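Structure assessment
So the chains spell out like this:
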Amino acid sequence: MKTIKHVVITLLFITLGISTALLAYLHFFASGDEDLSGEWITNLDMTEQAAVAAYSWLQDIEAVSVSIEDIESYMQDLAIQVNLSFEQTARSEGTFYCSVSQESYNECNQAAYEVFAFVFQEILAQRLHMAGYIDSSDGEDIEALVTEAFGMSTVSYLMSYGPALLPSLEDLQTLYNGSGTYEAAEGILTRQFDDGQHADTKAEYYISNDCNLILSEETSLILYEKQAEGQE
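Reading guide: rules and limits
Residues numbered from 1 in each chain as written. Predicted model: local features only at pLDDT ≥ 70, side-chain atom pairs only at ≥ 80, totals over all residues. Heavy atoms only, no water. Helix = DSSP H or I, 4+ residues; strand = E, 2+ residues; numbered from the N terminus. Buried < 20%, exposed > 50% of the residue type's maximum accessible area, 1.4 Å probe, protein only. Contact = heavy atoms within 4.5 Å. Areas by Shrake-Rupley, 256 points an atom, 1.4 Å probe, with all protein chains shown as cover. Salt bridge = Lys/Arg side-chain N within 4 Å of Asp/Glu carboxyl O. Pairing = 2+ DSSP bridges. Axes fitted to C-alpha atoms, helices over the stretch in contact; angles between N-to-C directions. Arc of directions from axis to C-beta.

Okay, the overall build of the chain next. Summing up its helical and strand segments, the chain has seven helices and eight strands in all. When the 232 residues of the chain are sorted by exposure, 39% land in the buried category. A separation threshold of at least 6 residues defines the contact pool for the chain, and within that pool the share at least 24 residues apart is 64%. Of the roughly 13300 Å² that the chain leaves accessible, carbon and sulfur atoms contribute 50%.

This is the structure we're talking about:
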């Protein structure tokens, strides 16, 4: 657990450092009033969270023969897409809509467990080989053993009885989903929610240009990219 705490604390300090630097930049170079109209997307990186969750579970069952770094090296490009749209109705004002892509969430969750299953099979093969039960570490042989033992595939077993590698879709929707009106002035984007998903208002520093939109609070930073018309 000390290793996990060390990783979490390190990530927290890195995040705080980046956010502090951005806030300092925003303080002096904040965007002026402008039109944010359009479709924007961001991809929430889930790699570190999934790796830590997988490693912690393996550690709890005393099956760790890999490091967090090893697991993370397998879990590449794990991301969940969030869509954010603005429609200007007056100068620096308008309506917005934000949502987590359920399809993207499902794909990311599946990919995370497929990688976890591969790591789990590698560890299981090592343990069985050391115990003298099998001579082969072939993935198909291990998968056959898991299916015979648990009546389901390794991926299904880990999804059912393993750790939650990602935040729940409902938790992410609570954080990001919402609609209402907005005002962008003096480098601050204020969103007024009208759907009950969040507190009544949310204020964030922002930087924007034709292609990118950065939203930042004290301890979080999100980079959105603008989508060309007709592009999904």
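At Asp77, a residue that is not glycine, the phi angle is positive and equals roughly 60°. Its place among the elements puts Asp77 in the loop between helix H3 (68-74) and strand E2 (79-90). For Asp77, a relative accessible area of 75% gives the class exposed. Non-glycine residue Glu186 carries a positive phi angle of around 55°. Mapped onto the secondary structure, Glu186 falls in the loop between strand E4 (178-185) and strand E5 (188-193). Using a relative accessible area of 70% as the deciding quantity, one classes Glu186 as exposed.

For the rest of this paragraph, the subject is the pattern of salt bridges. Taken as a whole and assessed by the stated rule, the structure comprises two salt bridges. One salt bridge connects Arg191 with Glu204, and the closest N-O pair in it is separated by 3.0 Å. With Arg191 in strand E5 and Glu204 in strand E6 (residues 201-208), the pair connects residues that are 13 residues apart, well separated along the chain. The salt bridge involving Lys202 is made with Glu204; its shortest N-O contact spans 3.9 Å. Each of the two residues, Lys202 as well as Glu204, counts as buried.

Glancing now at the sheet that holds strand E3 (residues 93-100). Backbone-to-backbone hydrogen bonds join strands into a sheet, with any given pair of strands oriented parallel or antiparallel. On the basis of which strands lie adjacent, the closed barrel formed by eight strands has the order E1-E2-E3-E4-E5-E6-E7-E8 and antiparallel pairing. Taking each pair of neighbouring strands and ignoring which way they run, the sheet shows an average axis angle of 30°. Direction of pairing for E6 relative to strand E7 (residues 212-216): antiparallel, over a ladder of four bridges. Directly across from Ser208, in E7, lies its bridge partner Leu213.

Turning next to helix H7 (residues 169-176). Every buried residue belonging to H7 is among Leu169, Leu172 and Tyr176, and all of these are buried. One side of H7 carries all its buried residues, which in axial view fall inside an arc of 65°. Each element contacted by the buried residues of H7 is listed here: strand E1 (38-45), E2, E3, helix H4 (102-130), E4 and strand E8 (221-226).

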